[in-house]
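What follows is each chain in one-letter form.
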Amino acid sequence: MANSDRWDVWVRDGSNERVHFVDDWTSFDILPTVNGVGAWSLNLPYTSSARAFMEADRARIEFRIKGAALATLTGFVDEQQEARDSGGAWVTYLGPDDNALCWERIVYPDATAEPAGAPPAWGSAYDRRTGKASTVMMGFVRAHVGDGATPWRDGGVTVEAIDPLVGVSGTWQGRFEHLGDLLNEIGAETGLVWRIVGLKFYVWAPPDLTGGPAKLSEALGNLNTWSRRKVAAGVSHVYVGGGGEGAARIIQPVSSVAAGRRKESFADRRDLTDVDELISSGTGTLNRDARSETLTFLAQSVANMTYGVDYVLGDEITAVVAGTAISQVVREVRIVVSGLGEAITPTLGDGTGLITYTSPVSTDGTNHSANVQIDPSNNLKNQATLNRKVDRVAHT
């Protein structure tokens, strides 16, 4: 087992109870994420005693640094791969993290109802909520995947006992979109980030560490392995269709001067008639398809810039690349652990569009490659499109 002195791996059952401590894993690859679906994979010997628990119905997984109050990642066992070669036989388990639950639920117009009859008897046209952004997000989660949902929709998710009361106040509403998309719409408008770990929903305003000592740069010697990606905006002008019919229908244009060449789109929001709400909806569309920049780097343990000590997932930090300062939120952190050591590769940026995450070469010279494709533009986000290839290390 690799790095057993630092990591604990547990199998949990469908009731989220720990049922087996995995003490013979050979390597794992995890991608904790905010505002999106994370992913994980775990390699075991073919004869591992953990297999019966991993292959049980509704099995879950937990990765935790020893002694840590909060798990690094928890998720679901969705896939199993078995293989054998001259080096022996092994099995790999894969799945999404708990955030996937928010793309496994749609927002019912009436959260307390279950559609029945023809047409379905909804109690209201929209699930509409007003308040601080964090309060509204927690309310949507409780109502659609938590203890406020109908029993058959309750995913076991709880929210923080104390509302952090962050983000601006406003009104947001949903109707049949995925819960995760609605949460990200609110997050894009208010600058909040969120994630689910241990089946608990957390939402917060990213701590701004850009003015402190936590900074990355080649000159400081703590940014030696990195890759950067820039993507042009997908939309520059959105026409939001509000209430009304035909020529009398309200059409509100919203545009972005920073989008580059003109790219038009239409957003159907016939539920809205208020101009400010139509503009807000259009702005949300522009934000989701805005120009994005991501920076992925190999984390190093150096003074004032050690991951897990000086900065963590969801913090806003600064990296200077080719003379340009990039101040962004740590959106995801890929952690690969094997007998060869541990490689940590955080990613800063918006994470907009189709992204292929590839880990830079680790300190041991091994490229732990993966293909984790997450496309926020389609409805397969709940599956995290897990096409992963994890290097086999010491499987026997």
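Quick note: structure is the one above.
Residues numbered from 1 in each chain as written. Predicted model: local features only at pLDDT ≥ 70, side-chain atom pairs only at ≥ 80, totals over all residues. Heavy atoms only, no water.

Caption draft 1: Quick peek at the overall build of the chain. Counting secondary structure elements, the chain contains four helices and 24 strands. The buried share of the chain, reckoned over its 396 residues, is 50%. Here the analysis covers contacts within the chain between residues at least 6 apart in sequence; of these, 64% occur between residues at least 24 apart. With the model as given, the accessible surface of the chain reaches about 17,200 Å², and the carbon-plus-sulfur share is 50%. (Helix = DSSP H or I, 4+ residues; strand = E, 2+ residues; numbered from the N terminus. Buried < 20%, exposed > 50% of the residue type's maximum accessible area, 1.4 Å probe, protein only. Contact = heavy atoms within 4.5 Å. Areas by Shrake-Rupley, 256 points an atom, 1.4 Å probe, with all protein chains shown as cover.)

Caption draft 2: How the structure looks around the nonpolar core. Residues Trp-40, Leu-42, Met-54 and Phe-63 are the most contacted members of the largest nonpolar core, which totals 41 residues. Looking at which element gives the most residues to this core, the answer is strand 21 (residues 324–338), with six residues. Here Met-54 is in contact with Val-11, Trp-40, Leu-42, Leu-44, Ala-59, Ile-61, Val-77 and Tyr-93, once residues within four sequence places are set aside. By size, the runner-up hydrophobic cluster in this structure holds 28 residues, among which are Ala-100, Leu-101, Trp-194 and Val-203. (Core = buried A, V, L, I, M, F, W, Y, C linked by side-chain atoms within 4.5 Å.)

Caption draft 3: Representation of helix 4 (residues 275–288) in the model. Here helix 4 contains 14 residues, and its C-alpha end-to-end distance of 20 Å stays within 8% of the 20 Å for a straight helix at 1.5 Å per residue. Where helix 4 is concerned, the buried positions are Leu-278, Ser-281, Gly-282, Gly-284, Thr-285 and Leu-286. Contacts made by the buried residues of helix 4 are with helix 3 (179–190), strand 16 (237–241), strand 17 (251–255) and strand 18 (264–268). Of the residues flanking the start of helix 4, the one acting as N-cap is Asp-274, its side-chain oxygen 3.1 Å from the backbone nitrogen of Asp-276. (Expected span 1.5 Å × (residues − 1). Polar contact = N/O pair within 3.5 Å; in protein donor to acceptor, adjacent residues only side chain to side chain.)

Caption draft 4: Looking closely at the packing of aromatic side chains. Considering all chains together, one arrives at eight aromatic pairs under this definition. Centroid distance Trp-7 to Phe-28: 5.3 Å. Interplanar angle 80 degrees. Geometry classified as edge-to-face. Placement of Trp-7 in strand 1 (residues 7–12) and of Phe-28 in strand 3 (residues 27–31) is noted, with a sequence separation of 21 residues between them. In this structure Trp-7 comes out as buried when scored by relative accessible area, which is 1%. Looking at Phe-28, the relative accessible area reads 1%, which means it is buried. Plain terms: the ring middles of Tyr-307 and Tyr-311 are 5.2 Å apart, the flat faces sit at 75 degrees to each other, and that makes the pair edge-to-face. You can call Tyr-311 buried: its relative accessible area is 1%. Sitting above the plane of the Tyr-46 ring, Arg-51 keeps its charged end 4.5 Å from the centroid. The residue whose ring lies beneath Arg-175 is Tyr-126, and the NZ or CZ to ring-centre distance is 5.6 Å. (Phe/Tyr/Trp six-rings, centres within 6.5 Å; stacked < 30°, edge-to-face > 60°. Lys NZ or Arg CZ within 6 Å of the ring centre and 35° of its normal.)

Caption draft 5: Highlighting the pairing of strand 8 (residues 88–96). Where burial is concerned, most of strand 8 is hidden: nine out of the nine residues are buried. Here strand 8 shows a buried face lined by Gly-88, Trp-90, Thr-92, Leu-94 and Pro-96 and a second buried face lined by Ala-89, Val-91, Tyr-93 and Gly-95. Of the strand pairs in this sheet, strand 4 (residues 39–45) and strand 8 are connected by seven bridges, and their pairing is antiparallel. Residue pairing in the sheet places Trp-40 in a bridge with Gly-95 of strand 8. Pairing of strand 7 (residues 79–85) with strand 8, which is carried by seven bridges, proceeds in the antiparallel orientation. Bridge pairing links Arg-84 to Ala-89 in strand 8. Connecting the antiparallel pair strand 7 and strand 8 is a turn made up of two residues. (Pairing = 2+ DSSP bridges.)

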